[in-house]
Amino acid sequence: MPAEQPHPKAVGRPPHLSLDAIIAAADRILQTEGAEKLSMRRLANELNSAPMALYYHVRNKDELLLLLMEAQARHIPRPELPEDPRDRLIALSIMLYELLADRLWIVQVLTDDDLVAPSALWFVEEMIGAAVDYGHTPEQAVYIYRTIWYAIVGDLIIRVKGKHRRSRATRPSYEDQVVTGLTSGTHPHLAAVADRWAELNVRDTHRQGLAAIIDGLLRSDEIAEDR
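Rules and cut-offs
Counting restarts for each chain, with residues numbered from 1 along the sequence as it is written. Owing to the predicted nature of the model, reporting of local features is limited to residues with pLDDT of at least 70; listing and counting of side-chain atom pairs is limited to 80 or more, with chain, interface and lining totals taken over all residues. With hydrogens and water excluded, all non-hydrogen atoms of the structure serve as input to the side-chain values. Per residue, pLDDT captures the predictor's confidence, and it can take any value from 0 to 100. Throughout, a contact is declared for two residues whenever any of their heavy atoms are within 4.5 Å. What we call a nonpolar core is a set of buried Ala, Val, Leu, Ile, Met, Phe, Trp, Tyr and Cys residues that are connected through their side-chain atoms within 4.5 Å. When a residue's accessible area, from a 1.4 Å probe over protein chains only, is under 20% of the maximum for its type it is buried; when over 50% it is exposed; and in between it is partly exposed. Here a helix means four or more residues in a row that DSSP labels H or I, a strand means two or more in a row labelled E, and each is numbered from the N terminus. Contacts described as polar in this section are N or O atom pairs within 3.5 Å, which, within protein, must combine one atom able to donate a hydrogen with one able to accept it, while residues neighboring in sequence count only if both atoms come from side chains. Expected span, for any helix, means 1.5 Å times one less than how many residues it has. Throughout, the arc means that of the directions going from the helix axis to the C-beta atoms. Each axis is a line fitted through C-alpha atoms, taken for helices only over the stretch in contact, and angles between the N-to-C directions span 0 to 180 degrees. Throughout this description, any angle smaller than 35 degrees is read as roughly parallel, any larger than 145 degrees as roughly antiparallel, any in the 65 to 115 degree range as roughly perpendicular, and the remainder as oblique. Only Asp, Glu, Lys and Arg are considered charged in this grouping, and only Ala, Val, Leu, Ile, Met, Phe, Trp, Tyr, Cys and Pro are considered nonpolar; every other residue, Gly among them, is considered polar. A patch is a set of surface residues, each over 30% in relative accessible area and not in a salt bridge, joined within 9 Å for like charges and within 5 Å for the nonpolar side chains Val, Leu, Ile, Met, Phe, Trp and Tyr. Each accessible area is a Shrake-Rupley estimate made with a 1.4 Å probe; only the visible protein chains count as cover when residues are assessed. One side-chain nitrogen of Lys or Arg within 4 Å of one carboxyl oxygen of Asp or Glu is enough to make a salt bridge. Under the counting rule used here, the positive set is Lys and Arg, the negative set is Asp and Glu, and His together with the chain ends is not counted. Charge placement uses NZ in Lys and CZ in Arg. For Asp and Glu, CG and CD serve respectively. Using protein atoms alone on a 1 Å grid, points that fit a 1.4 Å probe yet trap it form a cavity, whereas open point sets bounded by protein on both sides within 12 Å along at least five of seven lines form a pocket; residues with an atom within 4 Å of a point count as lining. Grid points are joined across faces, edges and corners, and a volume is the space filled by probe spheres set on the points.

K.L.:
Give me the confidence of the model for the protein chain: which residues, what numbers.
P.N.:
Mean pLDDT for the protein chain: 87, with 89% of residues reaching 70 or above. Low confidence marks residues 1-15, where pLDDT is under 50. Its contacts with residues over four positions away, or in another chain, come to 6 contacts.

K.L.:
Can you lay out the nonpolar core for me, pointing to particular residues and giving the numbers?
P.N.:
Membership of the largest hydrophobic core comes to 58 residues, with the highest contact counts inside it found for Leu43, Leu64 and Ile148. Top contributing element to this core by residue count: helix 5 (residues 85-101), with 9 residues. Contacts of isoleucine 148, omitting those with residues within four sequence positions, involve Leu89, Ser93, Met127, Leu210, Ile214 and Leu217.

K.L.:
Tell me about the side chain of histidine 136, and please be specific about residues and values.
P.N.:
Note that histidine 136 resides in the loop between helix 7 (121-134) and helix 8 (138-168). At 3.0 Å, the side chain of histidine 136 forms a polar contact with the backbone oxygen of leucine 218.

K.L.:
Can you break down helix 1 (residues 19-33) residue by residue, with the values?
P.N.:
Taking 1.5 Å per residue as the helical rise, helix 1 with its 15 residues ought to reach 21 Å, and the 21 Å between its terminal C-alpha atoms agrees with that figure. All of the buried residues along helix 1 are Ile22, Ile23, Ala25, Ala26, Ile29 and Leu30. Angular distribution of buried residues about the axis of helix 1 spans 165°; they occupy a single face of the element. Structural note: helix 1 exposes Asp20 and Thr32 on the side pointing more than 90 degrees away from its buried face. On its buried face, helix 1 is in contact with helix 2 (40-46), helix 3 (51-54), helix 4 (61-74) and helix 6 (104-112). The positive-phi residue at the C-terminal boundary of helix 1 is glycine 34, with phi of around 95°.

K.L.:
Please provide a residue-by-residue account of the packing of helix 1 against helix 4, values included.
P.N.:
How two helices pack is summed up by the angle between their axes together with the distance between the axes. Where helix 1 meets helix 4, the closest approach of the two axes is 10 Å, and the angle between their N-to-C directions is 90°. For the element pair helix 1 / helix 4, the angle class is roughly perpendicular. From helix 1, Leu19, Ile22, Ile23, Ala26, Asp27 and Leu30 reach across to helix 4, where they touch Leu64, Leu65, Leu67, Leu68 and Gln72. Residues that form the contact of helix 1 with helix 4 fall into these classes: 9 nonpolar, 1 polar and 1 charged.

K.L.:
Describe in detail the environment of leucine 19, supporting the description with residues and values.
P.N.:
Looking at the element boundaries, leucine 19 is found in helix 1. Taking the C-alpha atoms as reference, leucine 19 lies 8.1 Å from valine 58; in sequence the two are 39 residues apart. Ignoring anything within four residues of it in the chain, the contact list for leucine 19 reads His57, Val58 and Leu67.

K.L.:
Any chance you could break down a negative patch on the surface for me, citing the residues and the numbers?
P.N.:
The grouping of Glu36, Asp62, Asp112, Asp113 and Asp114 at the surface amounts to a negative patch. Its location among the elements puts aspartate 114 in the loop between helix 6 and helix 7. Overall, aspartate 114 belongs to the exposed group, its relative accessible area being 79%.

K.L.:
Got a sec to walk through the layout of surface pockets? Specific residues and values, please.
P.N.:
As a volume, the largest pocket reaches approximately 560 Å³. Within the residue set of the lining of the largest pocket, elements represented by two or more residues are helix 4, helix 5, helix 6, helix 7 and helix 8. Looking at the lining of the largest pocket, its residues break down into 19 nonpolar, 2 polar and 4 charged.

K.L.:
For the pattern of salt bridges, give the residues involved together with the corresponding values.
P.N.:
With the rule as written, the count across this model stands at 11 salt bridges. Where arginine 42 meets glutamate 33, a salt bridge forms, and the shortest distance between an N and an O atom there is 2.7 Å. Residue classification places arginine 42 among the partly exposed residues on the basis of a relative accessible area of 23%. A salt bridge links glutamate 46 to arginine 42, with the nearest nitrogen and oxygen atoms 3.2 Å apart. Here the residue glutamate 46 and the residue arginine 42 both occupy positions in helix 2, the gap between them amounting to 4 residues, near one helical turn. Looking at glutamate 46, the relative accessible area reads 31%, which means it is partly exposed. One continuous salt-bridge network, built from bridges that share partners, spans Arg28, Glu33, Arg42 and Glu46.

Next comes the structure, spelled out in structure tokens:
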């Protein structure tokens, strides 16, 4: 009886994996565990596969993150925007904030790596265009956009992460405990709101805050002097 011949090794991409499946699994990890937990090994475990099998589809983690951000950006709706430049800039800023608040991993990626999704750049184009239409130079418009962007990212990192942390906490945060213990003799203004500090800190004020920042930027005399 002839010896059994070994089956030849398959060539090409493993049939049980697809790029769509890889992106979907990576998105699940990012949404539930955060960007710092995503690795090719962690993703392979999620897919019940070997890490090397993933490299048939993506070269590295950076390429995977770019594909993920592009997939998210392509599904962002393009709403009809207000004609008024100030209202348009506020609408875009609030929309960007709320989209990122639901996808906090994108903020982590954008602040940790030099990555950008080209399909999302219409946000930047529209925001700069609104500032130009208001009467600012393109250079000033970039400054206005960047200031809004920093405000959005900073607010999300502090407010959204703090909200998640508080939702898991079983007792007041250390900050809340410290503020509650302050006296009017040393910190009169903090002591006046100490009993409401925790509640004031978790209020969702991003819409009012962005509108106030934008009004200040658009009407700033300091920017106007640079024209």
